[in-house]
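The chain contents come next:
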Amino acid sequence: MIAQACVTATEGLVAHFRDRFAEVTTLGGRLAEATRQALDNWVREVRVTLDRVLADSPVLEFAETEGLAQAVSAGFLGLTLFESVNPEGSEQALAALEQLAVLVDVFEGLGPVATRAVRAKLRKAAKRS
C-alpha cells in the first residue's frame, strides 16, 4: 500500500510539472540554481542544529556556525558519493569525524582553568594562521 502511494504521488507530481519540463531547453543555469536552493535548505537546517548544540560551546569563539554548516553539508555529500566508490575509505572518514566529535566533547567538559588555557592556546594558533 505504501509503495503504491509513493508511485501515485510521483505520477501526480510528474504530471503537474510535465508542461514546465517541455519548456526546458538547457539544464545549466536552472539546474545549478535548483541544486543550490536545495543545498541551501540542507545547510540552513544543519546551521540551526549547530546554533542550538554549540550555543554555550567555546568552539564558537573560533568557528562560526554558517561556515561549519557549509563544511558539514559538503562533507556529508562528499561522503555519500565517496561511499559508493570506496566503502572502506568512507568508513575511515566517518570514524575520523567521530574522533573529532569526542575531542569536542572532551573540550566542552573541561573545567574553567583548563578551558581558559586551551582557549588561550587556540587564540595564539589562530593569530598565527
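Residues numbered from 1 in each chain as written. Predicted model: local features only at pLDDT ≥ 70, side-chain atom pairs only at ≥ 80, totals over all residues. Heavy atoms only, no water.

**A short note on the overall build of the protein**
Heads up, the condition is: Helix and strand assignments come from DSSP, with helices taken as H or I runs of at least 4 residues and strands as E runs of at least 2, each series counted from the N terminus. Note that the radius of gyration is over C-alpha atoms, with the globule rule given as 2.2 Å times the number of residues to the power 0.38. Each residue is placed in one exposure class: buried if its accessible area under a 1.4 Å probe, protein chains only, is under 20% of its type's maximum, exposed if it is over 50%, and partly exposed if it falls in between. Contact definition: two residues touch when any of their heavy atoms are within 4.5 Å. Residue-level accessible areas treat just the shown protein chains as cover; the underlying method is Shrake-Rupley with a 1.4 Å probe. For the charge count, each Lys or Arg is scored as positive and each Asp or Glu as negative, with His and the chain ends excluded. To locate a charge, the coordinates of NZ of Lys, CZ of Arg, CG of Asp or CD of Glu are taken.
Across its full length, the protein carries five helices and zero strands. Counting from the amino terminus, helix and strand elements in the protein follow one another as α-α-α-α-α. Computed over C-alpha atoms, the radius of gyration of the protein comes to 21 Å, more than 25% over the 14 Å expected from 2.2 N^0.38 for 129 residues, which places it beyond the range of a compact globule. In terms of overall dimensions, the protein has a C-alpha envelope of 65 × 30 × 30 Å along the principal axes. Out of the 129 residues belonging to the protein, those deemed buried represent 12%. Within the protein, counting contacts between residues at least 6 apart in sequence, those at least 24 apart form 47% of the total. Carbon and sulfur atoms form 64% of the exposed surface of the protein, whose accessible area is close to 10200 Å². Computed over 14 positive and 17 negative side-chain charges, the separation of the two mean positions in the protein equals 12 Å.

**Overview of the environment of Leu-97**
Along the chain, the position of Leu-97 falls in helix α4 (residues 87–108). Look at Leu-97 and you get partly exposed, because its relative accessible area is 46%.

**As for the pattern of salt bridges**
Our working rule: What counts as a salt bridge is simple: a side-chain nitrogen of Lys or Arg found within 4 Å of a carboxyl oxygen of Asp or Glu.
A full pass over the atoms with the stated rule returns four salt bridges. Two residues, Arg-36 and Glu-33, come together in a salt bridge whose shortest N-O distance is 2.6 Å. Taken together, the positions of Arg-36 and Glu-33, both in helix α2 (residues 28–53) and three residues apart, correspond to about one turn of that helix. Given a relative accessible area of 41%, Arg-36 falls into the partly exposed group. On the basis of relative accessible area, Glu-33 is assigned to the partly exposed category, the value being 33%. Taking the shortest distance from any N to any O, the salt bridge between Asp-51 and Arg-47 comes out at 3.0 Å. You can see Asp-51 and its partner Arg-47 sitting in helix α2, four residues apart, about one turn around the helix. Each of Glu-33, Arg-36 and Asp-40 takes part in salt bridges that share partners, so that together they form one network.

**Regarding a nonpolar patch on the surface**
Under the convention used in this document: Within this analysis, patches are made of residues with over 30% relative accessible area and no salt bridge. Like charges are joined at 9 Å or less; nonpolar side chains (Val, Leu, Ile, Met, Phe, Trp, Tyr) at 5 Å or less.
Together, Leu-39, Trp-42, Phe-76 and Leu-77 give the surface a local cluster of nonpolar side chains, amounting to about 360 Å² of exposed area. Taken together, the elements giving at least two residues each to the nonpolar patch come down to α2 and α3 (65–85). Within the element layout of this structure, Phe-76 appears in helix α3.

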